[in-house]
Amino acid sequence: MTPSNKTTHIDRTAHEPRDNSLHELLITTITPITPAIRLFHLTPSQPSQPPISFLPGQWVDLYYPPFPSCQKPGGFTITSPPSHPHMELAIQQSPLNPPAAYLWQDPSTLLHTPVRIRIGGSFTYPPQIFSRPSEQQPLLSSPRSSSTPLGFKKLVLVAGGVGINPLISILSHISTTRPQPEITLLYSLKDPNSKIQSGDTSQALFLDRIIDLFSNQNDPLKGNIKLFLTTTGGPNNINNISTNEITTKHLSIPFEKRRISLSDVSNAIGEHKDDVAVYICGVPSMTDQFVDGLTSPSPQGLGIDKSRVLCEKWW
């Protein structure tokens, strides 16, 4: 999460559930994946420390040294699934955000140093609303057994920019569980030099990882990906549609040179209005528009039950 001019992460998430415990972890690897984003792997500071439980889609309050202090924590989404031995965070460069600025020091000064985290957030998979009362678990516990009925057949994931962060954790988790829903991922991101359009996916946040999940020859995720690419200074009018495909790793991914529209989300849902779960993560203007359009009664909206539409806002 990035800072707002008016509120902090703690202010914006005051209504969200949080674990009571603070956990101390060590920064064990730092990997640049785009010019402005680093991946951090965090591992327990003590070998005997038990794994930290969290649900796919959750975030952490992150405190950095010195401890204790009156600093306000940064909010960063967990991008790894709960089954991984480490916790992974994607941190965007942000000089005005003290926790992010701390984590953008020279890596040599950060490796094997501690941070403290608290788990939080309700933008979680699978949606609690679809579990039976006897199967519901606290939001801050481990994921339910994969034998639990999903309660929905279609999963639509909508990401704007770094809004992909919680969704990559969700996708990675789904790839290890059964049963699996049919998935449609709508992913909007900037392509200033048209490199993604030409097939270079290396600088697109988590796109290569997503492609691997959907193209795994042994056990791929069921569904499809659609990209929406915008170029700096170029036309972003949703009526100016230009469609093409990126072909890589046995997978063809259609893309359009514009932003995602509500009709794109509606088309992805199709006939599954009554058996869908929709996750939307992006800037408030996008999430508010899409949630309102999906949940408002017809004819103004699609009339989807609000419990089936989850959103997380990036500021």
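As a reminder, the structure under discussion sits directly above these lines.
Residues numbered from 1 in each chain as written. Predicted model: local features only at pLDDT ≥ 70, side-chain atom pairs only at ≥ 80, totals over all residues. Heavy atoms only, no water.

Peer 1: Looking at this structure, I do not really get the state of the cysteines. What am I missing?
Peer 2: Two cysteines whose sulfur atoms are joined by a covalent bond form what is called a disulfide. Taken as a whole and judged by the stated rule, the model has zero disulfides. Lacking any disulfide linkage, C281 is separated from the closest cysteine sulfur, that of C311, by 8.5 Å. Owing to a relative accessible area of 0%, C281 belongs among the buried residues under this scheme. (Disulfide = S-S within 2.5 Å. Buried < 20%, exposed > 50% of the residue type's maximum accessible area, 1.4 Å probe, protein only.)

Peer 1: Help me understand the nonpolar core in this model?
Peer 2: For soluble globular proteins, the rule of thumb is that nonpolar side chains tend to be buried together. If you look at the biggest cluster of nonpolar residues, it comprises 43 residues, and the most contacted ones within it are I210, L227 and Y279. For this core, the elements supplying multiple residues, two or more each, are β2 (37-44), β7 (154-160), α4 (164-174), β8 (182-190), α5 (207-215), β9 (223-230), β11 (251-256) and β12 (276-282). Ranked by the residues each element gives to this core, the list is headed by α4, at six residues. Those residues in contact with L227 that lie beyond four places of it in its chain are Y187, L189, I196, L207, I246, I253, P254, F255 and E256. By size, the runner-up hydrophobic cluster in this structure holds 23 residues, among which are L25, F40, I52 and A100. (Core = buried A, V, L, I, M, F, W, Y, C linked by side-chain atoms within 4.5 Å. Helix = DSSP H or I, 4+ residues; strand = E, 2+ residues; numbered from the N terminus. Contact = heavy atoms within 4.5 Å.)

Peer 1: Would you mind going over the packing of helix α6 (residues 262-269) against helix α7 (residues 284-295) with me for this structure?
Peer 2: To characterise two packed helices, one gives the angle between the axes of the helices and the distance between these axes. Contact geometry for α6 and α7: axes closest at 10 Å, N-to-C directions at 50°. It follows that α6 is oblique to α7 by the angle criterion. Note that α6 runs across α7; the crossing there is right-handed. For the pair α6 and α7, contact is made by L262, V265 and I269 and by F290, G293 and L294, respectively. Looking at the contact of α6 with α7, its residues break down into five nonpolar, one polar and no charged. (Axes fitted to C-alpha atoms, helices over the stretch in contact; angles between N-to-C directions. Parallel < 35°, antiparallel > 145°, perpendicular 65-115°, else oblique. Left-handed = near helix turned anticlockwise from the far one by under 90°. Nonpolar A, V, L, I, M, F, W, Y, C, P; charged D, E, K, R; others polar.)

Peer 1: Looking at this structure, I do not really get the packing of aromatic side chains. What am I missing?
Peer 2: Think of a pair of aromatic rings as described by two things: how far the centres are apart, and how the planes are tilted against each other in angle. Applying the stated criterion across every chain yields a total of four aromatic pairs. A ring pair is formed by Y64 and Y102, whose centres lie 4.7 Å apart and whose planes are at 20°; its orientation type is stacked. Placement of the pair is Y64 in the loop between β3 (59-63) and β4 (74-77) and Y102 in helix α2 (residues 98-103), with a sequence separation of 38 residues. Take Y64: its relative accessible area is 15%, and that puts it in the buried class. A ring pair is formed by Y125 and Y279, whose centres lie 6.3 Å apart and whose planes are at 50°; its orientation type is tilted. Of the two residues, Y125 is situated in the loop between β6 (114-120) and β7 and Y279 in strand β12; the sequence distance between them amounts to 154 residues. (Phe/Tyr/Trp six-rings, centres within 6.5 Å; stacked < 30°, edge-to-face > 60°.)

Peer 1: Sorry if this is basic, but what is going on with the sheet that holds β3 here?
Peer 2: Note: strands within a sheet are paired through backbone hydrogen bonds, in either parallel or antiparallel orientation. If you walk across this open sheet you meet the six strands as β4-β3-β6-β1-β2-β5, and the pairing is antiparallel. For this open sheet the edge positions go to β4 and β5 (87-92), each flanked by a neighbour on one side alone. Strand-to-strand twist of the sheet, defined as the mean angle between neighbouring strand axes without regard to direction, takes the value 45°. In this structure, β2 lies alongside β5, joined through six bridges in antiparallel fashion. Pairing of F40 across the sheet is with L89, part of β5. (Pairing = 2+ DSSP bridges.)

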